[in-house]
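So the chains spell out like this:
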Amino acid sequence: MQETNAPRVRFAPSPTGSLHVGGARTALYNLLFARNTGGTFLLRIEDTDVERSREELTGQILSAMEWLGLDYDEGPFFQSKRYDLYTEAANRLLREGKAYRAFETPEQLDSERKKAEASGRAYRYSGAGRAIPLAESDRRAAAGERHVVRLRMPDETLVVDDLIRGRVDFPPDALDDFVLVRSDGHPLYHFCVCVDDTDMRITHVIRGDDHLANTPKHVALFHALSAPVPKFAHLGMILGTDRKKLSKRHGAAAVEEWRDEGILPEALFNFLALLGWAPGGDREILTRAEMEREFSLDKVGASPSVFDPEKLLWMNSQYIAAMPAEELLRRSLPHAAGGAPDPAVALRAIELHRPRVRTPIEMGRALSSYARDPDDYEAEGMKKHVKPDTARQLEALVAGLEVLPDWTAASAEAVLRRVAEAEQISAGKLIHPTRLALTGTTVGAPLFDVVELLGKQTSLRRLGRFIEAVKARTPA
RNA sequence: GGCCCCAUCGUCUAACGGUUAGGACACGGCUCUUUCAAGGCCGGAGCACGGGUUCGAUUCCCGUUGGGGCCGCCA
């Protein structure tokens, strides 16, 4: 049951690109705010730019939001399907004298703009259209003369009351009569936003800082529409490591790129939530329920924040550490390109490798190593750990292992240590080549656990293949 | 250029006039150890600068500097 005064918020992406982490964070704060206050979160697609909007990008944004867990209560609404609303509002403003038609051509405006720039002045629209009487304006429009519709900006300081930044004043000479409707009849961004926010009874506009300078236009528009002005909360930008607005240039800036890198949705959610908001109490890892319960706009900071992939990866590994083995297995399996061992072995392998991987992708690789023999051996490791006696020593190890009645980590370790002793070498001298033989690498899970998991047959086969490879490398 | 926003360790942040300025990532060391991780312990690292206000400023005000954003018939 929705109380009539419960907040209504929205996320309003335009389908001109994939879902950016900045946009995702904005959506996430809207969501958390709605959940925290018992409000409603709606999704609106701002697709009025016919040149740049692409339908498949809408689908991409929707699926990225779903993946991240950004679920909305109403929508998606498409501005492209709501033109009647904008047209009607424009006509009303025209009739009420709050907007007017302007008949300059784009070329005229362009040259005026250039002239102003050349003389170092800030360009502002002349306001010539203001003086045209409505009757004449109607007549010229009816006769088919090209025109735009502009808002008659009030000659007064516009005040934006921002929940995060406090009161921000915009002097009147900074704004001019901006265009509401293009000469081809297409309504423009600022206009659609305000008409829709009014129609959708939006109470709080939570969005990026880059819109702060646009907000006085919106305030004027809400006044003109005789609509209540929503409360605003402008979030600091998300920056790349060079402190510039995060973009493709910085590497992964889109949600789906992080998904493809193996970042878990709950980790990205958690990470993004903390980029600008801190719940207090020195906590970093929070459940979705905790975030929803504790989120508050007055704990959101005003300053921009740098997106740090290292910390994201760390957070990801925290989620991996806490995830039930079955689930981690399920999420890793798609990445086990070389095949995976049977479930019982895989589940134990998960525990062995859990602290050693940061993504399900890495886990998938680890799982594959149990299903497929290594097809090469790390060159540096060979150089370091393979000595003239190594092949012979490994053969002794194989001989000992072959007769082992039970195959466990402990019994395998006992055999290896016995062989090492007999050979008068340290256990390490045998352990390293053995790991190389079994996994192809010099690093990884504790050797004897690997031996046990691999099983007798596979372990001996891999050792055999390795011994052959060593012998082939160093002809007698 | 005009207008606007922002400013605590390299990064994310806590602090809401009085703290040895706290935590996390990253970094270094130690520990554990067959390797690599994970974990535990320890450590280096910050209030941009200058003026005020105040008994007292990281905290409030002003300026400087630095960074960012907006100035379209784009969103």
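Bear in mind the structure is a predicted one, so any value in this text is a computation, not a measurement. (Residues numbered from 1 in each chain as written. Chains lettered and ligands numbered in written order. Predicted model: local features only at pLDDT ≥ 70, side-chain atom pairs only at ≥ 80, totals over all residues.)

So, the protein's contact with RNA strand B
So, step 1. Close to RNA strand B lie 62 residues; Ser14, Glu46, Tyr189, Ser303 and Val306 are nearest.
So, step 2. Classifying every residue of the surface near RNA strand B gives 30 nonpolar, 14 polar and 18 charged. (Near = placed C-beta within 6 Å. Nonpolar A, V, L, I, M, F, W, Y, C, P; charged D, E, K, R; others polar.)

Topic: helix α17 (residues 409-423)
An α-helix turns once per 3.6 residues; consequently, residues spaced three or four apart project the same way.
So, step 1. For α17, built from 15 residues, the straight-helix expectation of 21 Å at 1.5 Å per residue is met to within 8% by its first-to-last C-alpha distance of 21 Å.
So, step 2. Just beyond α17, the residue with positive phi is Gln424, at close to 60°. (Helix = DSSP H or I, 4+ residues; strand = E, 2+ residues; numbered from the N terminus. Expected span 1.5 Å × (residues − 1).)

Some details on the sheet that holds strand β8 (residues 179-181)
So, step 1. Pairing is antiparallel across the open sheet formed by 3 strands, whose spatial order is β4-β5-β8. Edge positions in the open sheet fall to β4 (99-102) and β8, since each of these has one partner strand only. With direction set aside, neighbouring strand axes in the sheet form an average angle of 45°.
So, step 2. Bridging between strand β5 (residues 148-151) and β8 involves 2 bridges; their strand directions are antiparallel. Opposite Val149, over in β8, you have Val181 as the bridge partner. (Pairing = 2+ DSSP bridges. Axes fitted to C-alpha atoms, helices over the stretch in contact; angles between N-to-C directions.)

Let's talk about the nonpolar core
So, step 1. Counting 111 residues, the largest nonpolar core has Leu28, Leu268 and Leu272 as the members making the most contacts within it.
So, step 2. Among the elements that take part in this core, helix α1 (residues 21-37) stands out by supplying 9 residues, more than any other.
So, step 3. Here Leu268 is in contact with Leu68, Trp258, Ile263 and Leu312, once residues within four sequence places are set aside. (Core = buried A, V, L, I, M, F, W, Y, C linked by C-beta atoms within 7 Å. Buried ≥ 20, exposed ≤ 12 C-beta atoms within 10 Å, placed from the backbone. Contact = placed C-beta atoms within 7 Å.)

Focus: the pairing of strand β2 (residues 40-45)
So, step 1. In terms of residue burial, β2 counts as a mostly covered element, since 5 of its 6 residues are buried.
So, step 2. Here strand β1 (residues 8-11) runs beside β2; their pairing, made up of 4 bridges, is parallel. By the bridge assignment, Phe11 is partnered in β2 with Leu43.
So, step 3. Crossover β1 to β2 through α1 is right-handed.
So, step 4. In the sheet, β2 pairs with strand β3 (residues 74-78) via 3 bridges, with the strands oriented parallel. Paired with Ile45 across the strands is Phe78, a residue of β3. (Right-handed = clockwise from strand over helix to strand, strands pointing away.)

In short, shape yes, function no, at least from these values alone.
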